[in-house]
Amino acid sequence: MNATDRTPADLLRSALAADPGRPLVTFYDDATGERVELSVATFANWVAKTANLLQGDLGAEPGDRLALLLPAHWQSAVWLLACASVGVVAEVGGDPAGADLVVSGPDTLEEARACSGERVALALRPLGGRFPQPPAGFADYAVEVPGQGDRFAPFAPVDADGPGLVVGGEELSHADVVGRARADAAARGADEGARVLSGLGYDSWEGLSAGLYGALATGGSVVLCRNLDALSPEALEQRVESERVTLRV
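Description of the structure in this document. (Residues numbered from 1 in each chain as written. Predicted model: local features only at pLDDT ≥ 70, side-chain atom pairs only at ≥ 80, totals over all residues. Heavy atoms only, no water.)

**Considerations on the sheet that holds strand β12 (residues 247-248)**
Working definition: the strands of a sheet are paired by backbone hydrogen bonds and lie parallel or antiparallel to each other.
Here is step 1: Across the sheet, which stays open at both edges, the five strands sit in the order β2-β1-β11-β10-β12 with mixed pairing between neighbours. In this open sheet, the two strands that pair with only one neighbour each are β2 (34-39) and β12.
Here is step 2: Across four bridges, the pairing between strand β10 (residues 195-198) and strand β11 (residues 221-226) is parallel. The residue bridging L197 from the neighbouring strand is V223, located in β11.
Here is step 3: Contacts from helix α2 (residues 40-57) reach β1 (23-29) and β2 within the one sheet, and its direction differs from that of β2 by about 95°. (Pairing = 2+ DSSP bridges. Helix = DSSP H or I, 4+ residues; strand = E, 2+ residues; numbered from the N terminus. Contact = heavy atoms within 4.5 Å. Axes fitted to C-alpha atoms, helices over the stretch in contact; angles between N-to-C directions.)

Structure, rendered in structure tokens:
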């Protein structure tokens, strides 16, 4: 990664330039048996489409607040990077009533209705599938995102020192996210190119750092596991071996 990278979106651009074909996010849901692997290029394409949706169709601007009501999931990672690309502040588990926009999973739709701005719902089905019946008052992400452009350019440059993320009640700038992710990776012993298995949620900085930002900051990858407690110790060891994991969190 380049020392000049100051935002998460910068880190993704550098990763794309360095090795677009390498794995970046491998997602497991051990309650459903789902496995999805996204290369840097595929992940960046999802981010570009989502950022175009966010900036274009949803009219989001730098500094707007987006309540992100999603679990640890590959699509949550996409939304976090899309927000960083536009300059929108991602408030993980934020209050929809005080947000400009809300992005919700299927289990938080009633809570999300408190947002008076744009509302987007994700079914979180395998392969990014849509809702069988779109929830009233929400745009279905799986319906809206495929037609978006594959390249993204922000209308205004993102201020690296501006607010970028709120998690656990703490607000971080885009540059703070990058700096902390680098420091955390070093403290964990995650060398350049490390492959980290994380069973942590996205509701804490530790989970976001281990399960997304650290991989971007080190040129590594993450095996992101939801409902990891459903996996037996033997099956976990088999996954560590088959996925070539170098570090567990």
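**Overview of the sheet that holds strand β5 (residues 101-104)**
Here is step 1: Reading across the sheet, the seven strands line up as β7-β6-β5-β3-β4-β8-β9 and stay open at both edges, with mixed pairing between neighbours. In the strand order of this sheet, the two ends are held by β7 (139-140) and β9 (170-173), each with one partner.
Here is step 2: Where helix α3 (residues 74-86) meets the sheet, it contacts β3 (65-69), β4 (89-92), β5, β6 (118-121) and β8 (163-167), and its direction lies at approximately 170° from that of β3.

**Observations concerning the pairing of β3**
Looking down a regular strand, the side chains alternate between one sheet face and the other.
Here is step 1: Among the five residues that make up β3, four are buried, leaving the element largely enclosed by the rest of the structure.
Here is step 2: One ladder, built from four bridges, connects β3 with β4; its direction is parallel. By the bridge assignment, A67 is partnered in β4 with E91.
Here is step 3: Running through α3, the crossover from β3 to the neighbouring parallel element β4 is right-handed.
Here is step 4: One ladder, built from four bridges, connects β3 with β5; its direction is parallel. The partner of L68 across the bridge, within β5, is V103. (Buried < 20%, exposed > 50% of the residue type's maximum accessible area, 1.4 Å probe, protein only. Right-handed = clockwise from strand over helix to strand, strands pointing away.)

**Some details on the pattern of salt bridges**
Here is step 1: Following the criterion strictly, the structure yields 14 salt bridges and no others.
Here is step 2: Across the pair D10 and R13 runs a salt bridge whose closest N-O atoms are separated by 2.4 Å. Within this pair, D10 and its partner R13 are both found in helix α1 (residues 8-18), separated by three residues, close to a single helical turn.
Here is step 3: By relative accessible area, which is 19% here, D10 ends up buried.
Here is step 4: The closest approach of N and O atoms between E37 and R35, which form a salt bridge, is 3.0 Å.
Here is step 5: For R35, a relative accessible area of 41% puts it in the partly exposed group. (Salt bridge = Lys/Arg side-chain N within 4 Å of Asp/Glu carboxyl O.)

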